[in-house]
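If you want the building blocks of each chain, they are given just below.
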Amino acid sequence: MIKVITGERTFFKDINQVKFEGLESDNPFAFRWYDEDRIIAGKSMKEHLRFACAYWHSFVATGNDPFGEGTILHPWDVKSDPIERAKDKMDAAFEFITKMNMPYYCFHDVDLIDYTNDVLDNEYRLQTIVDYAKQNLFSNRRYMNGASTNPNFHVLAHAAAQVKAALDATIALGGENYVFWGGREGYMSLLNTNMKREQEHLAKFLHASKDYARQQGFKGTFFIEPKPCEPTKHQYDYDAATVISFLRQYDLMGDFKLNLEVNHATLAGHTFPHEVQVAADAGLLGSMDANRGDYQNGWDTDQFPNNINEITETMLIILEANGFKGGGINFDAKIRRNSTDPTDLFHAHIGGMDTFARALTTADNILQKSDYSKIRKDRYASFDSGAGQDFEAGKMNLESLRQYAIDHGEPETLSGRQEYLENIINRFI
């Protein structure tokens, strides 16, 4: 995540600063729930949510899909010179982010400026646009078999050069964290894959990247973003539990946390609250990519979030975990292929930010004004004293557990009260 500065040109001249106007407002360019200064659970909404705009979806994506060309014609994407075109794109991005009052943005290196196949030229281009900003190892065909896990060392070296340049850019721009997403770090077939060796290479690559960044003075957090598949058949960062196991095995827990994405969780067969809970329980809930999938499609559709129940359940976990560890909420979402007006980008982000603000408010009310927490605590009351407490303390062996079962007979059936808890969420929404 990078803090925002303003650009030089104007691309959204008919749209004013988006402000909080409250629930009675009919203004489509105003927040109804997101009041950044409102205090919730001891912190302002701005501090809790730490919104970031995703550069790639908002200013690079054109609405193209495998079956049709782009439908969104960006006015900042017309100049032939790649550096001037990149400057226009950055001006548009900073104007939009400033009018939305979002404190951060996030990007891949190839989002800022078009790359070639020349390492030195790419470094020059990236440095040029980084200098302008101060006032992705995925798409290139060389990475068809992965970057840090590629079976060809020559390809891995190119990946290292690109990561070095991206880390340098992050440091120069005052970035607060750096995300590794292994979009092709996996395999299509085990017939030609040495999985153990590839994962060892990935760990060495992450250590080398981390060591270099620390040597250059980077004090931020590194994140791994889990995803189970697409485009590879099986990716090594499948889900939160898989990544946590990998970090433990290769001694990376001290520097890395997780950046979780909603649509990636559903692709892995999980709910998003499940992934958040797994990361929070391990103390590795670093950041999140906010979006949603389409229930009728089996791929990563990256739609803007609007499921208030799902996000409220998520915010309950985040509040109980005392927030993110280093990151915030990145809108890794894109407007739809048939949303072709510049205003659509504003409506999408306003809706997403309001949804999270409403969910945060709702979750805090549930924790403060209902018996939600008590019901969950009481369900495990048998472990808070007596033999249950002894078991948690490691004082009971298998024989003593057996004897307890004999002495106390059949256990009482206790309700999980799931429907009542679901009703609590709906009541406070």
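This structure is a prediction, so every number in the text was calculated from the model and none was measured.

Is there a simple way to explain the packing of aromatic side chains in this structure?
Here the distance between the centres and the angle between the planes together describe a pair of aromatic rings. Under the definition given, this model contains 26 aromatic pairs. Between the aromatic rings of Tyr 34 and Phe 51, the centroid separation amounts to 5.2 Å while the plane-to-plane angle is 75°, which identifies the pairing as edge-to-face. Taken together, the residues Tyr 34 in the loop between β3 (30–31) and β4 (39–40) and Phe 51 in strand β6 (residues 51–54) connect sequence positions 17 residues apart. Each member of the pair, Tyr 34 as well as Phe 51, is classed as buried. One aromatic cluster in this structure is built from Phe 11, Phe 12, Phe 29, Tyr 55, Phe 59, Trp 76, Phe 94, Phe 96, Tyr 105, Phe 107 and Phe 346.

Explain the packing of helix α12 (residues 342–369) against helix α16 (residues 418–428) here, please?
A pair of packed helices can be characterised by two numbers: the angle between their axes and the separation between those axes. Where α12 meets α16, the closest approach of the two axes is 9 Å, and the angle between their N-to-C directions is 120°. Viewed along their axes, α12 and α16 adopt a mutual orientation that is oblique. The element α12 and its partner α16 pack so that their crossing is right-handed. Together, Thr 362, Asn 365, Ile 366 and Lys 369 of α12 and Ile 424, Ile 425 and Phe 428 of α16 make up the contact between the two elements.

Please clarify how the side chain of Asp 111 should be interpreted in this entry.
Looking at the secondary structure, you find Asp 111 in helix α4 (residues 109–112). Of the side chains with opposite charge, Lys 89 comes closest to the buried, unpaired Asp 111, at an N-O distance of 6.5 Å. One polar contact links the side chain of Asp 111 to the main-chain amide nitrogen of His 108, over a distance of 2.6 Å. If we ignore the near neighbours within four places in the chain, the residues touching Asp 111 are Tyr 55, Trp 56, Val 60 and Lys 89.

Sorry, what's going on with the pattern of salt bridges here?
Pairing between side chains becomes possible if they bear opposite charge and their charged atoms approach one another. Scanning the entire structure with this criterion turns up 16 salt bridges. Of the charged contacts in the structure, one is a salt bridge between Lys 79 and Asp 88, with a shortest N-O distance of 3.3 Å. Classification of Asp 88 as buried rests on a relative accessible area of 3%. Residue Lys 196 is joined to Glu 200 by a salt bridge in which the shortest nitrogen-to-oxygen separation is 2.5 Å. Remark: Glu 200 and Lys 196 occur in helix α7 (residues 195–215); sequence separation between them is four residues, near one turn of the helix. Taking the relative accessible area as the measure of exposure, Lys 196 reaches 59% and is therefore exposed. If you follow the salt bridges from partner to partner, you end up with Asp 77, Arg 85 and Asp 114 in one network.

Explanation requested: the side chain of Thr 128 in the structure shown.
Along the chain, Thr 128 falls in helix α5 (residues 119–134). Residue classification places Thr 128 among the buried residues on the basis of a relative accessible area of 19%. A distance of 2.8 Å separates a polar side-chain atom of Thr 128 from the backbone oxygen of Tyr 124.

Thresholds, definitions, all that
Residues numbered from 1 in each chain as written. Predicted model: local features only at pLDDT ≥ 70, side-chain atom pairs only at ≥ 80, totals over all residues. Heavy atoms only, no water. Phe/Tyr/Trp six-rings, centres within 6.5 Å; stacked < 30°, edge-to-face > 60°. Helix = DSSP H or I, 4+ residues; strand = E, 2+ residues; numbered from the N terminus. Buried < 20%, exposed > 50% of the residue type's maximum accessible area, 1.4 Å probe, protein only. Axes fitted to C-alpha atoms, helices over the stretch in contact; angles between N-to-C directions. Parallel < 35°, antiparallel > 145°, perpendicular 65-115°, else oblique. Left-handed = near helix turned anticlockwise from the far one by under 90°. Contact = heavy atoms within 4.5 Å. Lys, Arg positive; Asp, Glu negative; His and termini not counted. Salt bridge = Lys/Arg side-chain N within 4 Å of Asp/Glu carboxyl O. Polar contact = N/O pair within 3.5 Å; in protein donor to acceptor, adjacent residues only side chain to side chain.

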